[in-house]
Amino acid sequence: NAEYMGIGMLPTDVLSRGSDEQVQHALIHLLESKAYQTAVDCGVIPHLLDAIKRVQLLNTKFLISRVLTRLASRCDDKASEQIGVPAFVEIVAMYLLDEKSDVWLRDMLMVCSTHVVAKTSQTHEQMIQLVPLVVRTINRFESAQLVADCVRFLNHLSINDELTVRLIEYGILEPLFRVVRTQDLNLACTSAACAIANTCREELPQYEHLAALLMDVFASAIEKKDFPPNSNVYYTDWKVAKSVANMCRVSSHRAHLRSSLSRLLPAALNQSSETSALLHKHSLKILWLLSTPD
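These notes cover the structure that comes with them.

Definitions and limits used
Residues numbered from 1 in each chain as written. Predicted model: local features only at pLDDT ≥ 70, side-chain atom pairs only at ≥ 80, totals over all residues. Heavy atoms only, no water. Helix = DSSP H or I, 4+ residues; strand = E, 2+ residues; numbered from the N terminus. Rg over C-alpha atoms; globule rule 2.2 N^0.38 Å. Buried < 20%, exposed > 50% of the residue type's maximum accessible area, 1.4 Å probe, protein only. Areas by Shrake-Rupley, 256 points an atom, 1.4 Å probe, with all protein chains shown as cover. Axes fitted to C-alpha atoms, helices over the stretch in contact; angles between N-to-C directions. Parallel < 35°, antiparallel > 145°, perpendicular 65-115°, else oblique. Left-handed = near helix turned anticlockwise from the far one by under 90°. Contact = heavy atoms within 4.5 Å. Salt bridge = Lys/Arg side-chain N within 4 Å of Asp/Glu carboxyl O.

### Some points on the overall build of the protein
Next up, step 1: A tally of regular secondary structure across the protein gives 18 helices and 0 strands.
Next up, step 2: A globule of 294 residues ought to have a C-alpha radius of gyration of about 19 Å, and the protein, at 20 Å, matches this closely.
Next up, step 3: Projected onto its principal axes, the C-alpha positions of the protein cover 70 × 40 × 35 Å.
Next up, step 4: When the 294 residues of the protein are sorted by exposure, 54% land in the buried category.
Next up, step 5: Entry remark: accessible area of the protein is about 13100 Å², with carbon and sulfur atoms responsible for 51%.

Set out below in structure tokens:
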């Protein structure tokens, strides 16, 4: 008999030994029930990681990656901690290395990876191992969507100051600058601008364009709007504020940012939300940096 987990919708023996069709049926049932937290609490993630290596059909692999993404994005930190294990890093690396693997499967795995690093910094030490392959994927430029999701992954890692040196050593700046130069919002050039601001502490080339991107996304984040408009991509206000503060460390950047920030900072300091303390912290740091002589 199948061992049903929790509310009885996901048999672990099906994930471990079932056919592709049986696995698909179990996962569709989970997606329809939306009982994601229950599945996480019952320890389903290790079985999903085993299954994605075992099953044969691309549709089944894609469905597993879709479920993993839902678990990472909609559940508590436990899901990200369970997904952000060496087994998951190994799986993502395997598909990123395989140039013949389906590009949409790789993209879904990168979306899942982004949710993992965005949820909790406890996974960063493991997930940073993927950065060289992510840089390689951006450089190959197979798909605009895949490039954009790789850039978003790097942006979320760049928030962690403890990773800055290693991110630079892994060579993230050159591909990020290349994305910014395209000025293509479909390539997540705003996320690239944020990641550059977080990792580069020196004079930035083309800083006026970088500054314009940062101001656009900062305004949207403060107003709780998606950016680009109608993209359903929402930036976290305090993380963008931290990127802006990093950019303000250089005098030439401060001079260009002052006008826009004079309008945006009052709105940021008036925000009241669960993360407003962090937003206020970085906004006050921006104010202090703007007050220093150029």
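Still to come is the rest of the account.
### With respect to unusual backbone geometry
Next up, step 1: Note the cis peptide between Phe227 and Pro228, where omega equals -5°.
Next up, step 2: By the element assignment, Pro228 lies in the loop between α15 (207-222) and α16 (237-247).
Next up, step 3: The backbone phi angle of Ala188 is positive, close to 60°, even though this residue is not glycine.
Next up, step 4: Within the secondary structure, Ala188 is located in the loop between α13 (173-182) and α14 (189-199).
Next up, step 5: Classification of Ala188 as buried rests on a relative accessible area of 1%.
Next up, step 6: A positive phi angle, close to 70°, is found at Asn230, a residue other than glycine.
Next up, step 7: By secondary structure assignment, the location of Asn230 is in the loop between α15 and α16.

### Notes on the packing of helix α2 (residues 20-33) against helix α5 (residues 58-74)
Next up, step 1: The interhelical angle for the contact between α2 and α5, taken along N-to-C directions, is 25°, at an axis separation of 10 Å. When the interaxial angle is binned, α2 and α5 end up roughly parallel. In terms of crossing hand, the pair formed by α2 and α5 is left-handed. Contacts between α2 and α5 involve Asp20, Val23, Gln24, Leu27, Ile28, Leu30 and Leu31 from the first element and Asn59, Thr60, Leu63, Ile64, Arg66, Val67 and Arg70 from the second.

### What to know about the pattern of salt bridges
Next up, step 1: Counted by the stated rule, this structure contains 10 salt bridges.
Next up, step 2: Two residues, Lys242 and Asp161, come together in a salt bridge whose shortest N-O distance is 3.2 Å. With Lys242 in helix α16 and Asp161 in the loop between α11 (144-158) and α12 (164-169), this pair connects stretches of sequence that are 81 residues apart.
Next up, step 3: Judged by its relative accessible area of 12%, Lys242 falls in the buried class.
Next up, step 4: The partly exposed category is assigned to Asp161, whose relative accessible area is 42%.
Next up, step 5: The residue Glu223 makes a salt bridge to Lys225 at a minimum N-O spacing of 3.4 Å.
Next up, step 6: Look at Glu223 and you get partly exposed, because its relative accessible area is 46%.
Next up, step 7: A residue is classified by how much of its surface remains accessible, and Lys225, at 48% relative accessible area, is partly exposed.

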